[in-house]
Amino acid sequence: MKKKKSVLLIVGIVVVVLLILLALVNFFTDWIWFGEMGYTSVFWKELLTKLTYGVPIFVILTIGCYFYLQAMKKGYYKKIGGYESLEPEKKVNRAAGIISAIFGLIAAIPISNRLWFQMLQFANSTDFNITDPIFGYDVSFYVFKLEFITEINNILIPIIIGFAVVNIIFYLMLFRYRKPYFLDEVEPPRQERRQEQNNNPFGQFFGGQGGQSPFGGGQGGMFGMGGGSGSRLNKDTLSRLVGIAGNQFRVLGVLLFLMIGLHYFLKQFTLLYTSSSGVVYGAGFTDINVTLWVYRILIVLSIAAAVMFVIGLNKRSLKKAIMVPVIMIGVSIVGSLVSLLVQNLIVTPDEINKEYAYLENNIEFTRYAYDLQDIVIEDYDVQYNLSV
């Protein structure tokens, strides 16, 4: 056992050293290149900005995740009513620290690498004193702030999913060290158990013949939930297991659906400069009258999905939990089809009239972009008194 641990430790050290060497190669290559171009100050500005934001994010996420896992552990111990494990508590706390540090590192690196420039833009934004005609926001919001907020939301969604994975891993570890009491039911008679094992095609994997299971290391299979001695996984047991971890997954599910709603809320602003469905680049008739309303419906449905997710977990109903997300997928598909039909059947045959107001907006803001908004138009009478 000690030999195996030593080998794993050596492999881990070699991997870490290789990663550090690779990072140093990239660091010195960039440093030399920026120095040759005369932009060393830009190189250090980027690096210091990443560290200024990345290190606090790592520390906050790691400490927050650690205390969260500790609170989750205490709540788990109160709910299970199980026996004390012979495994030392230090192992659980050490594992919580390692999981928290890995989670904090995985989250902090992409945030600092992807958002360092957007952070500087957001922190140093200046108003243009020009508002867009659709939503009424200052143009500086689109230039300096929207991309940063959108990227934050896009990063938070996978972080929430990753946090759910962290919950699952930590609960599995807690199940191993301190098993819930309801998984320690009375062992069934030997004859009945043998008959059950013979009828169970998965017995070898979940505590079947001989009780050897790759998922549990004991006669009961994974956490004692196999078909051999120990407890059996049934509907009541599943309900109790969900009850133990329910609060954490309710919160994560609600946050996930709210982030999806925020995604569609922010996406409506991008119609002003990303859409090209009409005759001009930017928001047109179909975007404002169809696509925008599809996004708003999806925002409302995201909030409804968060509520129904909680109700579904409370009532142990998968159908209720996923009902609204399925509706959202349907709305997205129908919305795309309606947009296509409106553009081809309503807008295209009468494009000048339908897109007239949006063409005016496009021309006006193109003039602002090239600083041509102060052009004065003057009429001159035609005179035919030219002389040689």
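Residues numbered from 1 in each chain as written. Predicted model: local features only at pLDDT ≥ 70, side-chain atom pairs only at ≥ 80, totals over all residues. Heavy atoms only, no water.

1. Quick notes on the overall build of the protein chain
Argument step 1. A tally of regular secondary structure across the protein chain gives 11 helices and zero strands.
Argument step 2. Reading the protein chain from its N end, one meets helices and strands in the order α-α-α-α-α-α-α-α-α-α-α.
Argument step 3. Counting across all 388 residues of the protein chain, residues that qualify as buried make up 34%.
Argument step 4. Of the contacts formed within the protein chain by residues at least 6 apart in sequence, a portion of 70% connects residues at least 24 apart.
Argument step 5. Surface accessibility of the protein chain: about 24,700 Å² in total, with carbon and sulfur atoms responsible for 67%. (Helix = DSSP H or I, 4+ residues; strand = E, 2+ residues; numbered from the N terminus. Buried < 20%, exposed > 50% of the residue type's maximum accessible area, 1.4 Å probe, protein only. Contact = heavy atoms within 4.5 Å. Areas by Shrake-Rupley, 256 points an atom, 1.4 Å probe, with all protein chains shown as cover.)

2. Structural notes on the packing of helix α8 (residues 285-314) against helix α9 (residues 318-347)
Argument step 1. Where α8 meets α9, the axes come as close as 8 Å, and the angle between the chain directions of the two elements is 175°. As the angle between them shows, α8 and α9 are arranged roughly antiparallel.
Argument step 2. Broken down by class, the residue content of the contact of α8 with α9 amounts to 20 nonpolar, eight polar and one charged. (Axes fitted to C-alpha atoms, helices over the stretch in contact; angles between N-to-C directions. Parallel < 35°, antiparallel > 145°, perpendicular 65-115°, else oblique. Nonpolar A, V, L, I, M, F, W, Y, C, P; charged D, E, K, R; others polar.)

3. Details of the packing of helix α3 (residues 89-123) against helix α4 (residues 139-177)
Argument step 1. It is the contact of α3 with α4, at a shortest axis distance of 10 Å, that shows an interaxial angle of 170°. What the angle tells us is that α3 and α4 run roughly antiparallel.
Argument step 2. Counted by class, the contact of α3 with α4 contains 25 nonpolar, three polar and five charged residues.

4. Some thoughts on helix α11 (residues 356-369)
Each α-helix winds once per 3.6 residues, and so residues spaced three or four apart point in a common direction.
Argument step 1. Between its first and last C-alpha, α11 extends 20 Å over 14 residues, near the 20 Å set by a 1.5 Å rise per residue.
Argument step 2. Downstream of α11 by one or two residues, D371 has phi in the positive range, about 55°. (Expected span 1.5 Å × (residues − 1).)

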